[in-house]
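Next come the chains, spelled out residue by residue.
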Amino acid sequence: MAWAGERLLQHLLWEYFEEKGYEVYGEVWIDKKYEMYDEVLLDKKDRVDLVVIKEGDVFGIELKRRREIKDEDKEQIKRYISSEAFSDFVIIIQYKSYGMNDFIDEGIDLLGVSEFFDLPFTPKFAFTSIKEEKRPPFYALYRAPISKLYEQINGELFIPPVELSNLRFEKRFEPKKKLIFTRDNEITIEHNLWKKFREQGYCVLPEVHIGGEEETKKTNEIDLLLKNENEIIAIEVKNKSPLKADQIEFYRKVADLGITVWIVAPQKRLKSIQKMLSKKQLEGFQIHSYESLIGTQKSITDF
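Let me begin by describing the structure that accompanies this report. Note that this is a predicted model, so its numbers are computed, not measured.

Criteria and cut-off values
Residues numbered from 1 in each chain as written. Predicted model: local features only at pLDDT ≥ 70, side-chain atom pairs only at ≥ 80, totals over all residues. Heavy atoms only, no water. Helix = DSSP H or I, 4+ residues; strand = E, 2+ residues; numbered from the N terminus. Buried < 20%, exposed > 50% of the residue type's maximum accessible area, 1.4 Å probe, protein only. Contact = heavy atoms within 4.5 Å. Areas by Shrake-Rupley, 256 points an atom, 1.4 Å probe, with all protein chains shown as cover. Core = buried A, V, L, I, M, F, W, Y, C linked by side-chain atoms within 4.5 Å. Expected span 1.5 Å × (residues − 1). Arc of directions from axis to C-beta. Pairing = 2+ DSSP bridges.

1. Focus: the overall build of the protein chain
Looking only at helices and strands, the protein chain features 6 helices and 15 strands. Put simply, the protein chain has 303 residues, and 50% of those count as buried. In the protein chain, once contacts between residues fewer than 6 apart in sequence are set aside, the share between residues at least 24 apart is 71%. For the protein chain, the computed accessible surface area is about 16200 Å², with 46% contributed by carbon and sulfur atoms.

So this is what it looks like as structure tokens:
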């Protein structure tokens, strides 16, 4: 059993920016046509990890859980900035050294300014790390200054990396494209559940992997795993997408391990989920409405 830290980083940063007074949205879609010589080559749809808004300015955030900055990461950021939807943009890296979550004696890759020529602006580049605790809330962002760089930073050649607490967004561009912001999605439900159960003293881990490497990511990950001294609960979060047969089979295996399985969805989706489970003759799964667990009368569509 293993967990994927990038989603945990997403939740921690979501909470961090909310506490700083930003309006935060998770996994915001960007639609953009890419053209060359007046010919549309393809339609590309990208999903930005976090978008934060303050005083009308729109800032994009992309997260990576590694110190290597790959070419595909750079191309992704270029697409986001060239969409002309953001006032400023930052890539935030959780640097992870060999088996530890600190930067001791670790170098970092650098982002070259020249790689972002011909764009409305260059991205910002920030780093952070996650500290593990033995007591609630178990995981938190913490400051871990870089002790060594691979190269001497020249401000004209490289984008200087900054520690998260020193990150400052600026209005560097007036967005020409309007994004569609919604909280009616599974990541918002997951984030609110993550916060709620952390407040109740659970250790809450997102995207926990169970199964062999040959199994696909879609069918061997628990959306949220809750643990305390008394119980372990696996949560599958649903919103508009259907509860698929392979997901049910996966959670059947999880239940066989002695883990309590919950299916959590908006109240309006519960009947269809119950019908699906009854067809599979499954009675061991608990079905909960998102609204009842969060303690709100509002539907997720009302936010």
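Past the structure itself, the notes keep going.
2. Some details on the nonpolar core
Ranked by internal contacts, the top residues of the largest apolar core, which has 60 residues, are Phe17, Ile92, Leu193 and Ile235. Considering every element that reaches this core, the biggest residue donor is helix H1 (residues 5-19), with 7 residues. With residues near it in sequence (within four places) discarded, Ile235 still touches Leu193, Phe197, Ile222, Asp223, Leu224, Leu226, Tyr251, Trp262 and Val264. In terms of nonpolar packing, the next biggest core, distinct from the first, is built from 26 residues, Ile69, Ile81, Leu111 and Phe121 among them.

3. Observations concerning helix H2 (residues 71-82)
With 12 residues, H2 extends 16 Å between its outermost C-alpha atoms, agreeing within 8% with the 16 Å of an ideal straight helix rising 1.5 Å per residue. Buried residues of H2: Asp73, Lys74, Gln76, Ile77, Tyr80 and Ile81, and no others. One side of H2 carries all its buried residues, which in axial view fall inside an arc of 160°. With respect to the buried face of H2, the exposed residues turned more than 90 degrees away are Asp71 and Glu72.

4. Remarks on the pairing of strand S4 (residues 57-64)
Along S4, 8 of the 8 residues are buried, which leaves the element largely enclosed by surrounding structure. Residues Asp57, Phe59, Ile61 and Leu63 line one face of S4 and the alternating positions Val58, Gly60, Glu62 and Lys64 line the opposite face, and both faces are buried. Here 6 bridges tie S4 to strand S5 (residues 88-94), and the two strands are oriented parallel to one another. Within S5, the residue paired with Gly60 across the bridge is Phe89.

Purely geometric numbers; function is a separate question.
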